[in-house]
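Report on the structure
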Amino acid sequence: MKERTPMIFNIRRVFVRSLGFLLLLLVVLEIVCLVQGEPAVKLGMLGIIILVVAALFAASVSRKLEVHTDRMVLHRFGRTRTLAFSDVSAVESLVMRKRVFLTFCAGDDFIILSNAYDRFAELVEVLLSRVPVQSISDDVRRVAAAPPVRHGDVLSCWLGIVLVLVILWHQLATHFG
């Protein structure tokens, strides 16, 4: 019997787009500062910030979860992990300020997922329907009944975007003003 096409879950696109826009603005700010002859320390600090945001962006863009009928496959930047549903011995959850972490354990192997994924409620429902029922903790059942939605990461990106736009405006205004 041929396996159905796996369900694919990605990191929420609204977050990835916001982070990409922030990265673009930071690069523009770095170029403007470079053209204006800003001190090397300022350029270096901005470069470090760009590297951190670029790494987060690359990790977010590359992360996806494939849910097959018999296993889940987590793709991350440079790595792939597979966990068979039949091997799952425990499913635990941790909730911290609307951030949810689900841990799927199979012996020494485990996969941790968060509610940064798009369609998280559907993802939880699908995964819990495929793992052994006895492996699901009561905490996970409570989380699955009403998964919290987190908007803080997107809000943080937009605050960063506004801040970089203000700095960019100030940089250009002082140079041309």
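Just so it is clear, the structure is predicted and the values come from calculations on it, not from any experiment. (Residues numbered from 1 in each chain as written. Predicted model: local features only at pLDDT ≥ 70, side-chain atom pairs only at ≥ 80, totals over all residues. Heavy atoms only, no water.)

Thoughts on the overall build of the chain
The helix and strand tally for the chain stands at five helices and seven strands. In sequence order, the secondary structure elements of the chain are arranged as β-α-α-β-β-β-β-β-β-α-α-α. For 177 residues, the compact-globule estimate of 2.2 N^0.38 gives 16 Å, and the chain exceeds it by more than 25% at 21 Å. Per-residue burial for the chain yields a buried fraction of 39% across its 177 residues. A fraction of 61% describes how many contacts in the chain between residues 6 or more apart in sequence connect residues 24 or more apart. When the accessible area of the chain is evaluated, it comes to approximately 10400 Å², of which 66% is carbon and sulfur surface. With 20 positive and 15 negative side-chain charges, the chain shows a separation of 5 Å between the mean positions of the two kinds. (Helix = DSSP H or I, 4+ residues; strand = E, 2+ residues; numbered from the N terminus. Rg over C-alpha atoms; globule rule 2.2 N^0.38 Å. Buried < 20%, exposed > 50% of the residue type's maximum accessible area, 1.4 Å probe, protein only. Contact = heavy atoms within 4.5 Å. Areas by Shrake-Rupley, 256 points an atom, 1.4 Å probe, with all protein chains shown as cover. Lys, Arg positive; Asp, Glu negative; His and termini not counted. Charge placed at Lys NZ, Arg CZ, Asp CG, Glu CD.)

Considering the packing of helix α1 (residues 13–35) against helix α2 (residues 40–62)
The geometry of α1 relative to α2 is characterised by a closest axis approach of 9 Å and an angle of 160° between their N-to-C directions. The angle between the axes of α1 and α2 places the two elements in the roughly antiparallel class. Once α1 is placed against α2, the crossing between them reads as left-handed. Residues Phe15, Val16, Leu19, Gly20, Leu23, Leu26, Val27, Leu29, Glu30, Cys33 and Leu34 of α1 form the contact with α2, whose own contacting residues are Lys42, Leu43, Leu46, Gly47, Ile49, Ile50, Val53, Ala54, Leu56, Phe57, Ser60 and Val61. Broken down by class, the residue content of the contact of α1 with α2 amounts to 18 nonpolar, three polar and two charged. (Axes fitted to C-alpha atoms, helices over the stretch in contact; angles between N-to-C directions. Parallel < 35°, antiparallel > 145°, perpendicular 65-115°, else oblique. Left-handed = near helix turned anticlockwise from the far one by under 90°. Nonpolar A, V, L, I, M, F, W, Y, C, P; charged D, E, K, R; others polar.)

Examining the pattern of salt bridges
A full pass over the atoms with the stated rule returns eight salt bridges. A salt bridge links Asp153 to Arg99, with the shortest nitrogen-to-oxygen separation between them at 3.9 Å. With Asp153 in helix α5 (residues 152–176) and Arg99 in strand β6 (residues 99–106), the pair connects residues that are 54 residues apart, well separated along the chain. Residue Asp153 shares its accessibility class with Arg99, and that shared class is buried. Several salt bridges share partner residues, and in doing so they unite Arg12, Arg99 and Asp153 into one network. (Salt bridge = Lys/Arg side-chain N within 4 Å of Asp/Glu carboxyl O.)

Quick word on the packing of aromatic side chains
Under the definition given, this model contains one aromatic pair. Taken together, a centroid distance of 6.1 Å and an interplanar angle of 45° make the contact between Phe21 and Trp158 tilted. Taken together, the residues span a long stretch of sequence, with Phe21 in helix α1 and Trp158 in helix α5 at a distance of 137 residues. Classification of Phe21 as partly exposed rests on a relative accessible area of 33%. Look at Trp158 and you get partly exposed, because its relative accessible area is 41%. Note that Arg81 overlies the ring of Phe110, its terminal NZ or CZ placed 5.2 Å from the centroid. (Phe/Tyr/Trp six-rings, centres within 6.5 Å; stacked < 30°, edge-to-face > 60°. Lys NZ or Arg CZ within 6 Å of the ring centre and 35° of its normal.)

Considering the packing of α1 against α5
For the pair α1 and α5, interaxial distance at closest approach is 9 Å and the crossing angle is 20°. Taken together, the axes of α1 and α5 lie roughly parallel to each other. Relative to α5, the crossing made by α1 is left-handed. Residues Val14, Phe15, Ser18, Leu19, Phe21, Leu22, Leu25, Leu26, Val28, Leu29, Val32 and Cys33 of α1 form the contact with α5, whose own contacting residues are Asp153, Val154, Cys157, Trp158, Gly160, Ile161, Val164, Leu165, Ile167, Leu168, Gln171 and Leu172. The class makeup of the residues in the contact of α1 with α5 is 20 nonpolar, three polar and one charged.

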